[in-house]
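# A closer look at the structure
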Amino acid sequence: MLKDIFLSGLVPKYLSEHFCTESTVITAWVCSVIGIALVAYLLGSLNFAIIISGKQYRQDIRKFGSKNAGMTNMMRTYGKKAAGLTLLGDALKAAVSCLVGYMVLGQYGAYIAGLFCIVGHVFPVYYRFQGGKGVVTAAVTILMCNPIVFLILFVIFAIIVLATKYISLGSIMCMLLYPIVLDRIERSMLFHETPPDGCPYVIFAFLMTVLIVGKHWQNIVRLFHGQESKFSFKKSVKAPEEVSSDEGPTSEEPSAKKASKKIKK
């Protein structure tokens, strides 16, 4: 019963069990898609990097480091605990969004929810549409929609990051490969006795790729010029101009954490 709901969703199941007119079916599908997209977008707009930096350190992470409201910049600025909490929050909102999509419209609903959760993360309505780059949110969406594709991409990501120390490069390459890997896996004998001619979910994968790679255009420029920062588990030292605007430039306490201590005093 529960498996059937996740495969097809409650709305298609209800429509198949009742004699509905064509207009009713179309209305139900349109309302379901709009509802899923709206819920996922609002969940995605909860940016935990901004929330944690604001509540814990009384600062805006978008003023420090790479200025990105994401896990990697949280790691570089505030350390492992802040990055871990950011990862957990961004992962949960994507997982909840996809579960809502599954319950309403099955796998189609999950892809719709995942896409709009990413849109919310990148362009959050709560923070003047200035969010993160959506890598963690996209990764959890891929995991929720197709675990095998996620595992393949994760291995590729790990190899690239271990070899180069560039998280941005690993993220960009995996997103570029995502539509191709998804299409190959979905059209294989792994899921179907008779492989279909095409994968209907590739359009969602393509839109996710455009969105996330587009948000990495500055990283691409820095990678091209050899100026991209390499990943490290240690917090990086901030330049004086990167201190919160509330404090103003100072050479004595350059890091975000020291700036937060001065604010608390």
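Quick notes on the rules
- Residues numbered from 1 in each chain as written.
- Predicted model: local features only at pLDDT ≥ 70, side-chain atom pairs only at ≥ 80, totals over all residues.
- Heavy atoms only, no water.
- Helix = DSSP H or I, 4+ residues; strand = E, 2+ residues; numbered from the N terminus.
- Buried < 20%, exposed > 50% of the residue type's maximum accessible area, 1.4 Å probe, protein only.
- Contact = heavy atoms within 4.5 Å.
- Areas by Shrake-Rupley, 256 points an atom, 1.4 Å probe, with all protein chains shown as cover.
- Patch = residues over 30% accessible without salt bridge, like charges linked within 9 Å, V, L, I, M, F, W, Y side chains within 5 Å.
- Salt bridge = Lys/Arg side-chain N within 4 Å of Asp/Glu carboxyl O.
- Phe/Tyr/Trp six-rings, centres within 6.5 Å; stacked < 30°, edge-to-face > 60°.

## Things to note about the overall build of the protein chain
Along the protein chain, the regular secondary structure elements total 12 helices and 0 strands. When the helices and strands of the protein chain are placed in sequence order, the string is α-α-α-α-α-α-α-α-α-α-α-α. Across the 265 residues of the protein chain, 45% fall into the buried class. Long-range pairs, those at least 24 residues apart, make up 65% of the contacts in the protein chain between residues at least 6 apart in sequence. Of the accessible surface of the protein chain, which amounts to about 14,100 Å², a share of 67% is contributed by carbon and sulfur atoms.

## Some remarks on a nonpolar patch on the surface
A contiguous nonpolar patch, built from Leu38, Leu42, Leu46, Phe123, Val125, Tyr126 and Phe129 and spanning about 610 Å² of accessible area, is present on the exposed surface. One can find Leu46 in the loop between helix H3 (22-44) and helix H4 (48-57). Using a relative accessible area of 31% as the deciding quantity, one classes Leu46 as partly exposed.

## So, the environment of Leu182
Inspection of the secondary structure puts Leu182 in helix H9 (residues 167-186). When the C-alpha positions of Leu182 and Val149 are compared, they lie 6.1 Å apart, and in sequence the two are 33 residues distant. Apart from the residues lying within four places of it in its own chain, the contact partners of Leu182 are Tyr111, Asn146, Val149, Cys199, Tyr201, Val202 and Ala205.

## Looking at the packing of aromatic side chains
In total, this model carries 6 aromatic pairs according to the counting rule given. With a centroid separation of 6.0 Å and 25 degrees between ring planes, the pair formed by Phe150 and Phe154 is classed as stacked. You can see Phe150 and its partner Phe154 sitting in helix H8 (residues 147-164), 4 residues apart, about one turn around the helix.

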